[in-house]
Amino acid sequence: MPAQPSNFKRFVEVGRVVLLKSGPQEGQIAVIAEIIDHNRAIIDGPTTGVPRQAFSYRHLTLTPFVLTSLPRGAGTGAIRKQLEKEGTVEKWQKSSWAQKREAIAKRRSLSDFERFVVLIAKKARRDRVRKSLAKASA
């Protein structure tokens, strides 16, 4: 019986870049430095301001990014060098996931007047598109 390929693509592994879902550093990214047990891992985010700490998997989201050749239990300095060498933080910031999170946060922080200005701009844009389509089809 042939082994079927796994449906899972992201695994909990040393070097996996994770997104924190709760706590004071919510929304920041960090790296798994060591696996403690089946519930927790030691994470570290030297370039993102996340201190080295034990963190539950329930409060982490695995990202598609992995630091290659990171040894188990690597220190903060080694993780920082690897992050800078591979440009992982920049890759994360350019990803559609991070940009979407940023846009949602920006939208949530708008005041009532700023939401009104966006509404007016959308109406104006919609009107220009409608007029140009009518002109093109006529």
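Residues numbered from 1 in each chain as written. Predicted model: local features only at pLDDT ≥ 70, side-chain atom pairs only at ≥ 80, totals over all residues. Heavy atoms only, no water.

For clarity, the threshold we go by: UniProt positions are given in the numbering used here, feature names are shortened, and annotations may be inferred rather than shown by experiment.
As recorded in an unreviewed UniProt entry, the protein goes by the name 60S ribosomal protein L14, listed as coming from Dichomitus squalens. The annotation that UniProt attaches to the protein under Sequence similarities (unreviewed entry) is "Belongs to the eukaryotic ribosomal protein eL14 family." If you open the UniProt record of the protein and go to Subcellular location (unreviewed entry), you find "Cytoplasm".

1. Describing the UniProt feature "domain: KOW" (unreviewed entry) in the protein
This is how the line gets drawn: The numbering of helices and of strands both runs from the N terminus, where a helix is a DSSP run of H or I of at least 4 residues and a strand a run of E of at least 2.
Per the UniProt record, the feature "domain: KOW" (unreviewed entry) sits at residues 14–44. Structurally, residues 14–44 is divided into 0% helix and 55% strand, and its ends, taken at the C-alpha atoms, are 11 Å apart.

2. Regarding the packing of aromatic side chains
Defined as follows: Centres within 6.5 Å make a pair out of two Phe, Tyr or Trp rings, where for Trp the six-membered ring is used; the pair is then stacked when the planes are under 30 degrees apart, edge-to-face when over 60, and tilted otherwise. Three labels apply to residues, based on accessible area from a 1.4 Å probe with only protein chains included: buried if under 20% of the type maximum, exposed if over 50%, partly exposed otherwise in between.
Counted by the stated rule, this structure contains two aromatic pairs. Here Trp92 and Trp97 contribute two aromatic rings whose centre-to-centre distance is 5.3 Å and whose plane-to-plane angle is 70°, an arrangement assigned as edge-to-face. On the accessibility criterion, Trp92 (7% relative accessible area) is buried. Measuring from centroid to centroid gives 6.4 Å for Phe113 and Phe116, while their planes differ by 35°, and the two rings are tilted. Here Phe116 and Phe113 lie together in helix α4 (residues 112–137), a separation of three residues that amounts to about one turn. Assessed through its relative accessible area of 58%, Phe113 is described here as exposed. Judged by its relative accessible area of 44%, Phe116 falls in the partly exposed class.

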